[in-house]
Amino acid sequence: MTRWGLIGASTIAHEWVIDAIHAVGGEIVSVMSTSAERGAKYAADHGIAKSVTSVAELVDDPNVQAVYVSTTNELHRDQVIAAAKAGKHILCEKPLATSLEDARTMVKAARDAGVVMATNHHLRGAATHRAMRDAIAAGKIGKPLAARVCHAGYLPPHLQGWRLDKPEAGGGVILDITVHDTDTLRFVLGDDPVEAVALGQYGGMAKAGLEDAAMGVLRFKSGLIAQFHDGFTTKYAVTGFEVHGSDGSLIARNCMTQKAIGTVTLRNADGETELPLDHRNLYENTLIAFDDAIAGKGKPLCGAEDGIWSLATGLAVMKSAQTGGTVAIETGL
């Protein structure tokens, strides 16, 4: 059983991660919020024994074995480094940081400390994406040639805060959503992006010059090209993920979501076939793999270096949207 400390009394922990930790047998022993009042209420609401107001108090607690970092993005670096130096294993929300330099510093700190560090790209835990990955690896669609991701939806009112008005916190749809597309594509395809071209849209939700929708194309090492549409502004869109190969296509619907739902259809010369899916809570899958990694029985579902890849791609997409040109994706790994 892993004993957790939460760095950040966050909405995502409240809605998804706390229940998933309990479901896989973990315990949450402490939560950190810079607001003592918020932290105390959050702890009471979730049955957490202890609330503290500083990262140092949390990571110096000998009862804490691992931390879940879900503060705003510009705070991740120092919090992750403090946790690593204290010998705590780390599950960090995406994007890992707001700059590649910071992200690489975080990953090095964890590596030097000998602790497990993972990125919480939850979509790797989706049954739809696992089935697509396995079908591609088994040659069911031949050589993958192109992909399309529709990850546009509507940002609910209770989340319409820093994502829409704080550039310094890594706000905007690209660092919030496009990074997920990148990681999902890498996971399913077993391929890495090398360049990006994109346009941002300003549909009236975001402030301070932040984009609230984006479209673009990524080129991968294999030559595959992947189109993406991400947005906070479309209330009635349906998410989807398609991979088209030389011998077939995989078409997933309702799959770019935190919920354990969705379908995948294989289309080829034999017609259409629904792939069997073993739906399970995405965050539970992430935490099971994380616990196994701590026990030395495998790797995290999404590692720290995977987080660098998604951040590097997101930053390249942002630069392309700002400049109008094609931008090479450089991770420094």
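Residues numbered from 1 in each chain as written. Predicted model: local features only at pLDDT ≥ 70, side-chain atom pairs only at ≥ 80, totals over all residues. Heavy atoms only, no water.

I keep staring at the overall build of the protein and nothing clicks. Help me out?
Helix and strand content of the protein: 10 helices and 15 strands. The C-alpha radius of gyration of the protein comes to 19 Å, within 12% of the 20 Å expected for a compact globule of 333 residues. Across its three principal directions, the C-alpha atoms of the protein cover 60 × 45 × 40 Å. For the protein, with 333 residues in total, the buried portion stands at 56%. Counting only contacts in the protein whose residues sit at least 6 apart along the sequence, the fraction spanning at least 24 positions is 67%. (Helix = DSSP H or I, 4+ residues; strand = E, 2+ residues; numbered from the N terminus. Rg over C-alpha atoms; globule rule 2.2 N^0.38 Å. Buried < 20%, exposed > 50% of the residue type's maximum accessible area, 1.4 Å probe, protein only. Contact = heavy atoms within 4.5 Å.)

Which parts of the structure should I look at to understand the packing of helix H8 (residues 173-189) against helix H10 (residues 304-323)?
Two numbers describe a pair of packed helices, the interaxial angle and the distance between the axes. At a minimum axis distance of 8 Å, the contact between H8 and H10 shows a crossing angle of 125°. In terms of axis orientation, H8 runs oblique to H10. Of the two possible hands of crossing, H8 and H10 adopt the one that is right-handed. Of the residues in H10, those in contact with Ile174, Leu175, Thr178, Val179, Thr182, Asp183 and Arg186 of H8 are Asp306, Trp309, Ser310, Leu311, Thr313, Gly314, Leu315, Val317 and Met318. (Axes fitted to C-alpha atoms, helices over the stretch in contact; angles between N-to-C directions. Parallel < 35°, antiparallel > 145°, perpendicular 65-115°, else oblique. Left-handed = near helix turned anticlockwise from the far one by under 90°.)

Explanation requested: the packing of aromatic side chains in the structure shown.
Given two aromatic rings, their pairing is described by the distance between the two centres and the angle made by the two planes. A full pass over the atoms with the stated rule returns 2 aromatic pairs. The ring centre of Tyr154 lies 5.0 Å from the NZ or CZ of Lys235, which sits over that ring. (Phe/Tyr/Trp six-rings, centres within 6.5 Å; stacked < 30°, edge-to-face > 60°. Lys NZ or Arg CZ within 6 Å of the ring centre and 35° of its normal.)

How should I be thinking about the layout of surface pockets in this particular structure?
Sizing a probe to match a water molecule and rolling it over the atoms shows the empty space that remains. The space that makes up the largest pocket amounts to roughly 1,400 Å³. Together, 50 residues line the largest pocket, and Ile12, Leu159, Arg163, Asp176 and Gln258 are the ones closest to its centre. Looking at the lining of the largest pocket, the elements that each hand over two or more residues are helix H1 (11-23), strand S7 (144-152), helix H7 (162-165) and H8. Ranked by the residues each element gives to the lining of the largest pocket, the list is headed by H1, at 4 residues. Here the lining of the largest pocket is built from residues that sort into 19 nonpolar, 23 polar and 8 charged. (1 Å grid on protein atoms, 1.4 Å probe; cavity = no way out; pocket = protein on both sides within 12 Å on 5 of 7 lines; lining within 4 Å. Points joined across faces, edges and corners; volume = space filled by probe spheres on them. Nonpolar A, V, L, I, M, F, W, Y, C, P; charged D, E, K, R; others polar.)

What exactly am I supposed to notice about the nonpolar core here?
Here is a general trend for soluble globular proteins: nonpolar side chains tend to be buried in one another's company. Of all hydrophobic cores here, the largest spans 79 residues; its most connected members are Val67, Ile90, Met117, Leu185, Phe241, Val243 and Leu250. Not counting residues within four places of it along the chain, the set of residues in contact with Leu185 comprises Ala147, Val149, Gly190, Leu218, Phe220, Ala226 and Phe241. Of all hydrophobic cores here, the second largest spans 23 residues; its members include Trp4, Leu6, Ile28 and Ala66. (Core = buried A, V, L, I, M, F, W, Y, C linked by side-chain atoms within 4.5 Å.)

What is the right way to read H10 from this model?
Every α-helix carries 3.6 residues per turn, so stepping three or four residues along brings you back to the same face. For H10, built from 20 residues, the straight-helix expectation of 28 Å at 1.5 Å per residue is met to within 8% by its first-to-last C-alpha distance of 29 Å. Counting buried residues in H10 gives 14 out of 20 residues, a clear majority hidden from the surface. Positive phi shows up at Gly324, right after H10, with a value of about 85°. (Expected span 1.5 Å × (residues − 1).)

For this particular structure, what's the right way to read the sheet that holds strand S11 (residues 240-245)?
Two pairing modes exist for strands in a sheet, parallel and antiparallel, and in both the strands are linked by backbone hydrogen bonds. Judged by pairing direction, the sheet is mixed, and its 9 strands sit side by side in the order S14-S13-S12-S11-S7-S10-S9-S8-S15 without closing on themselves. Edge positions in the open sheet fall to strand S14 (271-274) and strand S15 (327-328), since each of these has one partner strand only. In this sheet, strand S9 (residues 213-220) lies alongside strand S8 (residues 193-201) in antiparallel orientation, the contact comprising 8 bridges. In the strand pairing of S9, Ala196 is matched with Leu218. H10 rests against S8, S9, strand S10 (225-231) and S15 of the sheet, and its axis sits at about 50° to S8. (Pairing = 2+ DSSP bridges.)

Even after reading the chapter, I still don't get the side chain of Asp212, so can you show me in this structure?
Tracing the sequence through the fold places Asp212 in the loop between S8 and S9. Leave out the neighbours within four places in its chain, and Asp212 touches Val173, Gln201, Tyr202, Gly203, Gly204, Met205, Ala206, Gly231, Phe232 and Thr233.

Please explain the packing of helix H5 (residues 100-113) against H10 as it appears in this structure.
Taken N-terminus to C-terminus, the directions of H5 and H10 make an angle of 180°; their axes are 10 Å apart at the nearest point. Classified by the angle between their axes, H5 and H10 sit roughly antiparallel to one another. Listed contacts from H10 to Leu100, Ala103, Arg104, Val107 and Arg111 of H5 are Ala304, Glu305, Ile308, Leu311, Ala312 and Leu315. Split by residue class, the contact of H5 with H10 holds 8 nonpolar, no polar and 3 charged.

For this particular structure, what's the right way to read unusual backbone geometry?
Both trends apply: most residues other than glycine have a negative phi, and most peptide bonds are in trans. Across the junction of Lys94 and Pro95, the peptide omega takes the value -20°, indicating a cis bond. For Pro95, the location among the structural elements is in the loop between strand S5 (89-92) and H5. Despite not being glycine, Asn254 shows a phi value in the positive range, around 55°. When you line up the elements, Asn254 lands in the loop between strand S12 (249-253) and strand S13 (263-268).

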